[in-house]
Structure formats: C-alpha cells, structure tokens
Amino acid sequence: MFRFLVLSFFISNIMTVLGSVMDGFALSNAMDEGTTAALGFVSPAVILFSLIGTTAAVGFQVMCIRSLSRGDTETAGKALGEALILGLGLSAAVMILTLVFTAPVVEFLRVSPESNAFAPCMDYLRGTVIGLPAITTMSILTKGVHIEGKRDIVLISVAVMVVTNALLDLTGILLFDFDVFLVTLDTSFSYYAGTAVLVYYFCRKSLVRPVFKGSTFREMISVNKIGLAAGIISVWCSLTLMAKAEIINMGISVFSAESIGLQAYNVTVQVNYLINALMSSAVSAMFLLAGMFSAEQDKTNFKKVIKNVVAYEIISIAVCSVLLWTLSGVIANIYLGDVSSEVILGTASSLKAYSIGLIFQMIVLVFANYIQCFGHNIIPVIVYFISNVLLVLFGAAYGGTIARFGGYNAATGIFAGVSIGNIIAVLILPVFVGIINLMNGCKDHLWMFPKNFGVPASDEIFADIDTQKEVMEFSEKAWQFCVDKGESTRIAYLTSLAVEEMAKNVIDHGFTKDKKDHMLSARIVHKEGELIIRMRDNCVSFDPRKKFETLYASENDGGKMGIRLIMAEASEVTYTTMFNLNNLLIRIAKQPADPAGKAVC
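Below you will find a few notes about this structure. (Residues numbered from 1 in each chain as written. Predicted model: local features only at pLDDT ≥ 70, side-chain atom pairs only at ≥ 80, totals over all residues. Heavy atoms only, no water.)

What about the packing of helix α16 (residues 358-370) against helix α19 (residues 429-440)?
Relative orientation of the contacting elements α16 and α19 amounts to 15 degrees, with a least axis distance of 11 Å. By the criterion of interaxial angle, the relationship of α16 to α19 is roughly parallel. When you trace α16 past α19, the crossing you get is left-handed. The residues of α19 that touch α16, namely those facing I363, V364 and F367, are L429, F432 and V433. Its residues placed into classes, the contact of α16 with α19 shows 6 nonpolar, no polar and no charged. (Axes fitted to C-alpha atoms, helices over the stretch in contact; angles between N-to-C directions. Helix = DSSP H or I, 4+ residues; strand = E, 2+ residues; numbered from the N terminus. Parallel < 35°, antiparallel > 145°, perpendicular 65-115°, else oblique. Left-handed = near helix turned anticlockwise from the far one by under 90°. Contact = heavy atoms within 4.5 Å. Nonpolar A, V, L, I, M, F, W, Y, C, P; charged D, E, K, R; others polar.)

Here it is, written out as structure tokens:
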C-alpha cells in the first residue's frame, strides 16, 4: 500500500512541475542565456501558482472522506463541485491580474527591467499563468483519485500531458521558431489536455460526481475553511519554499557578475523540482497511512509505516545524491546544450553543492510531517521558517560571500551555503523533540507518543492472514485472548466467530477474483470493556452489511447462521472503502443487564 501511494503521489506532484522542467530543457537548448536565467527567476511564482488550488483541494478531500465513510456520495459530489467553483474562480482572477500586471510582478521577483532576462521572464510568466485554471483543477481532482485508489487514471492524465507538451514544444521550436511565450503556452495547453482526462473520469466513471446545483457562497467558503484548517501546514511549507527560492534569487542577483551563476542556478532549480517531488511523495504517503493508524490507535502498524518511510527516504535520496554528484557534468551538458565548458563546469559544481544537503533536507521534511500526526501544528511552522527562510538567508549570504572571494560562481557558493543550513536544521531538531516531550509528557520519548496513544501490547493481537488454516489459527487465538482478558464465553464465541466468518469470506471470494497479490490483516483490541475487531484487505470491494441485507436478512432464510448471529449480536459493524482498501470494523460489547439485573438476550 505504501508503494502504491508513493507512486500515486509522485505522479500527482510531478504534474505541476513537469511542464516547467520540460520547458527548461527545451528553452535552455534552443535560446540564449537570458531565457535560461528567466526560468529560475520565475520559479517562486510557479510555486505560488501551485498553491491556488491547495485550500479547496484539501477541503474537498476532508469532506469527501467524511462523506464516503458514511456511504454518502451525494454530499461528496457537492463538496467536489463547491471546491471546483471556488478554486477555478480564484485561479481565473489571479490569471487575469497577472496578465494585466506582468511587469510589476517580474520586478517584484527582483529582475531589473534593464536585464536581458526581463523580457523572457514576462513571456514565461504570461504563458505559465494561462494554465493556472487547469493546474488548480488537476490539484482538486487528483485528491479524489487518491481517495478512490485509481492510480491508472493519474497515469493516463500525465501521459496525455507529457506527450502533448513534447509534441507541441518540438513542433514549435524546430518548425516554427516559437519564442518563450509560445513554448510556455504549449505547456499550459498540455495541462488542459491532462485535465480533460480527469474531468471525463469524474463525469462518467467516478464514484463521486461533481454537483454544481444548489451550492451557496457560504457553503463554498465552508469548504475553504475546512481546507485551510487541514492544509495550513502544507500551504505554509510551500510559502516558505517560495521565500527560499526568492532568497536564492536575491543572492544570485547580488553575487553573480556573470551568466554562469544564472544558468547554473536555473538547472539546479529544475533538478530540485524533481527531487522535491520524490521526497514529498513518500512523506505524503506516510502522513496518510500514519494518520489512518493514528486514528485507530494502532501503535504497531504506525511504527511500521514510519520505519518504512524513513528507510525508503534514506535509500532513495542517498541514491539521488550519489547520482547527482556523479552525473552532474552530464546533466549540465544535456540540460544546457551547446555552451562553453566553463558554464558546464560551473553548473556541475552547483549541482554537487546542492546534492550534499539532500539527506538533511529530507530529514527536516519527514520530522515536520511526522509530528503533525499528533496535532502539533506550531512546531512545523517554526521548523519550516527556520530551515527554509532563516537558514537559507544565512546560507545564501555566507555562500555568496565565499564564492565571490574564493573564485567560485555564485550558484555553487549559495547552494553550498544552503546545504550547510540544512545540516544545521537537522542538528537543532532534538531541541524540538525535547520541547514536545516536556510540554506533553509523552511516552516513548523518541516517538513522542501522547500519553493515551494506543493500548498495552497485552490488550491487542495481530495477524496477517493468507490461508484458511491461518484463519482458524487466528480464530482460536481470538478465543483464548478473550478468555485471558476475563470475558464471558459468549464474547469469546462471537469474537472467534466474527474472525472465522469474515476472514473466510475474504479468502474464499476476494483472493480468487483476480490474479493479483492480496493481503488480509486482522487486529483485535480489548478496550474499555469491549472487543474491537478490525480487518483490512486489498481485494475487490465487498460490503458484508449489504450482502447480509440482500441475501440473509430474511427471517425465512435459515442459511448463513454465523453471519446472521454476528450482525444481530455485534454492537456495531461498519464498512468503508478508501485508498483502494476494504476496512471492516466490528465492535462486540458486554451484554447489557435489564433492570432486574438479568442478562438481556
């Protein structure tokens, strides 16, 4: 599931930057150094544009999950419609304002009107902002795709976008000598092509259909408020990243007296887009799965998810760092094309300086997202501000100064300084760990678990089930677990029966529906006088409650007595399907007593 989500999130993350990366490659090889520099200077605006749909998208995601957990697809569709109206309205307004006031925006990005990068910056900004409504729509709709677990739809959307962009860029540059504006306009058109795939899916095949009728302005604002509450840390992180890019922009402007620094900076920024997409994909998957296990108070699986994410991130980012250092010259040569060897060497040294701090940048990102699982929202705000603003400011000033007096190009010095800042950020993280433990009295201090998180190991049992033999073994284990906890024979029987009936159905029917690898995990928790049975599988959707209602609920039907007994005696049976997983929850409470003190049958 983690691998599934990582790839799905990576595809989504790469959507908003892939066009920029492809434009950078095309323009750097086909046009002058002023154009190459323009791509780097406009990068803060590109980051800002990607934030437009964030609030509405997160708001829709929260409301959709709440609604689908109750089986209410109509409310989920209405939330989708409201998010689209809000996001598209805001992005259209920003697009119009940017087109009207392009020159002041470019000057705000610290590009002088006398610079040879000023005109390309204006063209690049205009062409990019035209695609903003499509970027916003993709941001919102991909949230729904994640919830439904339809990764293939995202793959098709990205494939359409990439092919469209590549064909238009190649045709325009090679045959029609397109300028900067037309090349970036190609990219905007490709976003609309990718968006069309998602729109078709949601209008024709999705479980959640957008509903636009009956929405009021107040309801649309409520979606925004929910998104603001749920996504404020993500937005803040993106804003500090925008500030980070702007600080580096300023450093390049102040310390770079030659074009080498400008071109090296642009290539490094484009590479950073891709690596950040990889980092944030694993972190997003971690946050989703860890949040799910946190809500279930499942400490064992929570730890397993975090350990998997950290191991995955360390290995993947370490490989990226080594490859980036080793192939820096090749990357610079491919990206910049036919330029002087001095520019290639300067760009390669900038990429090497950037690669040094990648592991430390990843650690800060994982930490800031991890502590949000327990509701710590102020600490990530502070961490992002220190790591992405204060330490970047220090690194840019320090690195730029060293570069000027040491004979390096400005980009190499500044990115070396930023890497040093990343190392310092990791060194101060233990201070925040200590503060959290001190303020909240956490148990298991390294993990910073709240006092009431989870249950003792003696109050829960787990199993990963693959065969009918393992079903029976866990059923017997469940019986003994209930006996050990002092529960009645009735409770032990119902718990054992629930495991046996439900797990057997999954293996008999779910495991044989297709040739895919399947999993079934079961967990039983004894908490506050009741037994909580949770089963999770990745088979085809199957709601045992509906099956019971349609086939076995009739009083004249004497079959399936086990399922009939479970449905009648369990205090709660709930089923949801999200993130391509089936989740079944069964609660078995102690039998209440009647006023005379006798058990109620």
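This is not the end of the story, as more comes after the structure.
Brief notes about helix α7 (residues 118-129)
For α7, with 12 residues, the first-to-last C-alpha span of 17 Å sits near the 16 Å given by 1.5 Å per residue. The buried fraction of α7 is high, at 9 of 12 residues. Within the span of α7, buried status applies to F118, P120, C121, M122, Y124, L125, G127, T128 and V129. (Expected span 1.5 Å × (residues − 1). Buried < 20%, exposed > 50% of the residue type's maximum accessible area, 1.4 Å probe, protein only.)

So, helix α18 (residues 410-427)
Between its first and last C-alpha atoms α18 spans 26 Å; for 18 residues at 1.5 Å apiece the expected length is 26 Å, and the two agree. Most of α18 sits inside the fold, with 13 of its 18 residues counted as buried.

Topic: the pattern of salt bridges
Counted according to the given criterion, the structure contains 7 salt bridges. Of the charged contacts, one joins E460 and R523 as a salt bridge, the two residues approaching to 2.7 Å between their closest N and O atoms. You can see E460 sitting in strand β1 (residues 460-464) and its partner R523 sitting in strand β2 (residues 520-527), a full 63 residues away along the chain. Given a relative accessible area of 7%, R523 falls into the buried group. Residue E572 is joined to R587 by a salt bridge in which the shortest nitrogen-to-oxygen separation is 2.9 Å. Separated by 15 residues along the polypeptide, E572 in strand β4 (residues 572-578) and R587 in strand β5 (residues 581-589) bring together distant segments of the chain. (Salt bridge = Lys/Arg side-chain N within 4 Å of Asp/Glu carboxyl O.)

Here's the deal with unusual backbone geometry
The bulk of non-glycine residues show a negative phi, and the bulk of peptide bonds are trans. Residues other than glycine seldom take positive phi values, yet M448 does so here, at roughly 60 degrees. Along the polypeptide, M448 turns up in the loop between α19 and β1.

Observations regarding the nonpolar core
F302 and Y370 are the most contacted members of the largest nonpolar core, which has 106 residues in total. Each residue touching F302, except ones within four places of it in the same chain, is listed here: A290, F293, S294, Y370, C373, F374, W447, F449 and F453. In this structure, I461, I533, L584 and I586 belong to the second largest nonpolar core, which totals 35 residues. (Core = buried A, V, L, I, M, F, W, Y, C linked by side-chain atoms within 4.5 Å.)

Notes on the environment of T137
Tracing the chain through its elements places T137 in helix α8 (residues 132-148). A residue is classified by how much of its surface remains accessible, and T137, at 9% relative accessible area, is buried. As for T137 and I85, which are separated by 52 residues in sequence, their C-alpha atoms are 9.6 Å apart.

Some thoughts on the side chain of E530
Within the fold, E530 resides in strand β3 (residues 530-537). Beyond its immediate sequence surroundings of up to four residues, E530 is in contact with V525, S571, R587, I588 and A589.

A few points about the sheet that holds β5
Ordered by their spatial adjacency, 5 strands build an open sheet running β1-β2-β3-β5-β4, and the pairing between neighbours is antiparallel. Two strands bound the open sheet, and with one partner strand each, they are β1 and β4. Strand-to-strand twist across the sheet, computed as the mean angle between neighbouring axes with direction ignored, equals 10 degrees. Pairing of β3 with β5, which is carried by 8 bridges, proceeds in the antiparallel orientation. Opposite E530, over in β5, you have A589 as the bridge partner. Of the strands in this sheet, β2, β3 and β5 touch helix α21 (residues 489-510), which is tilted by about 5 degrees from β3. (Pairing = 2+ DSSP bridges.)

Let's talk about the layout of surface pockets
In this model, the second largest pocket occupies a volume close to 1,600 Å³. Lining the second largest pocket we find 49 residues, and of these M1, M519, N538, N580 and L581 sit closest to its centre. (1 Å grid on protein atoms, 1.4 Å probe; cavity = no way out; pocket = protein on both sides within 12 Å on 5 of 7 lines; lining within 4 Å. Points joined across faces, edges and corners; volume = space filled by probe spheres on them.)

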